[in-house]
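# Tertiary structure, described
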Amino acid sequence: MSFSTFLHGQAVGINLSEYLKPRKDTLVYNSIYDSFHAKALQETVKLVYRKVSIGSETAYYISNVTDSDGSGAQSASFLGSAMIFRNDSVWLAPLTFNESPNQLTQKNFNYVLPPNLTFSKPFELAKLKWNGFVKEVFIKDYQFEDLSVGDTILKGCLKLNLLVYDRLKEPYHTTVWLSLDHGIVKWIRATGREEVLDLSRL
């Protein structure tokens, strides 16, 4: 059982910086996914928050622990972006697949998550360049709900329902759950792949 409070954007503002701020160095996620040949395959993924200097500021991005230069960081988190935290706002720079975030400059941080985000239509998070085309990511709506992770119930997680547009006319739907204590705790990708934070590794 889970308790959900559904909000169509404008009802209550959300402060995403509280959910996105960097956590411990290494986060372990348990993944379940299907391939062409088998169902419900399992994999353990280790992600880290990495830093890059942008002028006098520090930007953070999430990448696989084996991705030392961050060239694959775009696909490591639902944002696909590097983040600068300024007061209670988050400035985002969309990452490009196969390019290191070390190449970013101040002018790339042109998406802003304000400290009291409200919206009456889908809110654009990023335009991501990937293999010659652009993926656009939007927050469709959100709600607060209790989420079961193993034997633990995380109270009042922020659930974001996302729309991802690429070359298709109809968008993909993805969902992510965030916790004030743990950051990103669950992500269901457009492919159906589920990634859930392993709380026992914290």
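Just so you know, these numbers come straight off a predicted model, no measurement behind them.

## Things to note about the overall build of the protein chain
When helices and strands are counted, the protein chain shows one helix and 13 strands. Taken from the N to the C terminus, the helices and strands of the protein chain come in the order β-α-β-β-β-β-β-β-β-β-β-β-β-β. What you see for the protein chain is a C-alpha radius of gyration of 16 Å, in line with the 17 Å of a compact globule of 202 residues. Seen along its three principal axes, the alpha-carbon backbone of the protein chain occupies a region of about 45 × 45 × 40 Å.

## Describing the packing of aromatic side chains
Tallied over the entire structure, the rule returns seven aromatic pairs. Between the aromatic rings of Phe138 and Tyr165, the centroid separation amounts to 5.8 Å while the plane-to-plane angle is 85°, which identifies the pairing as edge-to-face. Pair noted here: Phe138 is in strand E9 (residues 133-149) and Tyr165 is in strand E10 (residues 152-165), with a separation of 27 residues, a long-range link. Taking relative accessible area as the criterion, Phe138 reaches 16% and is therefore assigned buried. Sitting over the face of the ring of Tyr33, Arg193 holds its NZ or CZ atom 4.9 Å from the ring centroid.

## Thoughts on the pairing of strand E8 (residues 123-130)
Judged from the seven bridges that link them, E8 and E9 form a sheet pairing that is antiparallel. When the bridges of E9 are listed, Glu124 appears paired with Phe138. Linking E8 to E9, which pair antiparallel, is a turn of two residues; within it Asn131 sits at a positive phi near 50°.

## So, the nonpolar core
Counting residues in each nonpolar core, the largest one holds 44 residues, and the members touching the most others are Leu16, Phe78, Leu113, Leu125, Ile139 and Leu160. Examining the composition of this core, we find that six residues originate from one element, E10, more than from any other. Not counting residues within four places of it along the chain, the set of residues in contact with Leu160 comprises Ile14, Leu16, Phe78, Ile139, Asp141, Tyr142, Thr174, Thr175, Val176 and Leu178. By size, the runner-up hydrophobic cluster in this structure holds eleven residues, among which are Ala73, Leu95, Leu104 and Phe109.

## Describing unusual backbone geometry
The backbone of Asn98 sits at a positive phi, close to 70°, despite the residue not being glycine. Structurally, the position occupied by Asn98 is in the loop between strand E6 (89-94) and strand E7 (111-113). A residue is classified by how much of its surface remains accessible, and Asn98, at 55% relative accessible area, is exposed. A positive phi angle, close to 50°, is found at Asn131, a residue other than glycine. Secondary-structure assignment places Asn131 in the loop between E8 and E9.

Reading the values: rules and limits
Residues numbered from 1 in each chain as written. Predicted model: local features only at pLDDT ≥ 70, side-chain atom pairs only at ≥ 80, totals over all residues. Heavy atoms only, no water. Helix = DSSP H or I, 4+ residues; strand = E, 2+ residues; numbered from the N terminus. Rg over C-alpha atoms; globule rule 2.2 N^0.38 Å. Phe/Tyr/Trp six-rings, centres within 6.5 Å; stacked < 30°, edge-to-face > 60°. Buried < 20%, exposed > 50% of the residue type's maximum accessible area, 1.4 Å probe, protein only. Lys NZ or Arg CZ within 6 Å of the ring centre and 35° of its normal. Pairing = 2+ DSSP bridges. Core = buried A, V, L, I, M, F, W, Y, C linked by side-chain atoms within 4.5 Å. Contact = heavy atoms within 4.5 Å.

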